[in-house]
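Here is what each chain is made of, one letter per residue.
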Amino acid sequence: MGELDGTTPAVVLVVEDDPNIADLLDMYLRQAGHRPYLASDGDRGLEIFAERTPDLVILDIGLPGRVDGLEVCRRLRSDSDVPIIMLTARDDEVDRVVGFELGVDDYVTKPFSPRELMGRVKAVLRRSGNAPADPGRVVAFGQIRIDGTRREVTVGAEVVALAAREFALIWFLVDHAGQALTRRQILDGAWGDDWIGDERTVDVHVRQLRRKLGGDLPLETVRGTGYRLG
Ligand code: CA
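Cut-offs used in this document
Residues numbered from 1 in each chain as written. Predicted model: local features only at pLDDT ≥ 70, side-chain atom pairs only at ≥ 80, totals over all residues. Heavy atoms only, no water. Buried < 20%, exposed > 50% of the residue type's maximum accessible area, 1.4 Å probe, protein only. Helix = DSSP H or I, 4+ residues; strand = E, 2+ residues; numbered from the N terminus. Pairing = 2+ DSSP bridges. Donors = N, O, S within 2.8 Å, 3.2 Å for Na, K, Ca; no water. Phe/Tyr/Trp six-rings, centres within 6.5 Å; stacked < 30°, edge-to-face > 60°. Lys NZ or Arg CZ within 6 Å of the ring centre and 35° of its normal.

J.: Is there a simple way to explain the pairing of strand 5 (residues 106-109) in this structure?
T.: Along any regular strand, the residues point their side chains to alternate faces of the sheet. The alternating pattern of strand 5 places D106 and V108 on one face and Y107 and T109 on the opposite face, and all of these are buried. By the bridge criterion, four bridges tie strand 4 (residues 84-88) to strand 5 in an arrangement that is parallel. By the bridge assignment, T88 is partnered in strand 5 with T109.

This is the structure we're talking about:
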């Protein structure tokens, strides 16, 4: 996965029950040179995921049957950090927050323009393929070891599965250790201009990092500002 960028062909799993949207995504992804696989329900999506190990998953949140989009996400995240873009309806705010907590990398609200979605696809693939800062660095805090080359975080002997967005966040914080950063600076710096989001997104991801990395992470909440690492 190391060399992916927006122009490298990627295997993309699309889990979407609306055939019109699925066909449209199929067409746009092919035009961009990617290899899409389509699933119209969650079970099938998980099967294809196991068969194809895609580079990216585009996941509709509202799927028929017993395995909805959030459940697919939960199962994928139990052993994979594949980038996930979630498709949501306009009033799915709660589901979006749950999605971020489950490790979704980005979301697109329906109705969306295919062009917008393809922009997100490109950005997410680029993020997942490139370390955002000096790739040679390894940083340690107590039991936590953050390896910029391998984009890998370990706590003790255990590798921690981080979503692409979570790694981008921790690496941005590492890069600005000692500085109090506003949520806006973190949004812009860690995730870039392609990210249009709510500042609470930062809090959700910080909560995730704290939960996953545990007590050795010297990440403080700075009242009235945002966060500071170290
Ligand atoms: Ca649907």
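Having seen the structure, we can now continue with the description.
J.: Before we go on, may I ask you to explain the coordination of the calcium ion in this structure?
T.: Six octahedral donors around a metal ideally make angles of 90 or 180 degrees; four tetrahedral donors ideally make 109.5 degrees. Bound to the calcium ion are the protein donor atoms D17 (OD), D60 (OD) and G62 (O), situated 2.1 to 2.3 Å from the metal. Written as a sequence motif, the donor arrangement for the calcium ion is D-x42-D-x1-G. With D17 in the loop between strand 1 (11-15) and helix 1 (19-31) and G62 in the loop between strand 3 (56-60) and helix 3 (69-77), this pair connects stretches of sequence that are 45 residues apart. Its relative accessible area of 42% is what places G62 among the partly exposed residues.

J.: Quick question: what am I supposed to make of the packing of aromatic side chains here?
T.: A full pass over the atoms with the stated rule returns two aromatic pairs. Ring plane angle 65° and centroid distance 5.7 Å describe the contact between F100 and Y107, whose orientation is recorded as edge-to-face. Neither F100 nor Y107 differs from the other in exposure class; each is buried. Plain terms: the ring middles of F167 and W171 are 5.8 Å apart, the flat faces sit at 15° to each other, and that makes the pair stacked. One end of the pair is F167 and the other is W171, both in helix 6 (residues 164-175) and four residues apart, which spans about a single turn. R165 extends its terminal NZ or CZ atom over the ring of W191, reaching a point 4.8 Å from the ring centre.

By themselves these figures say nothing about function.
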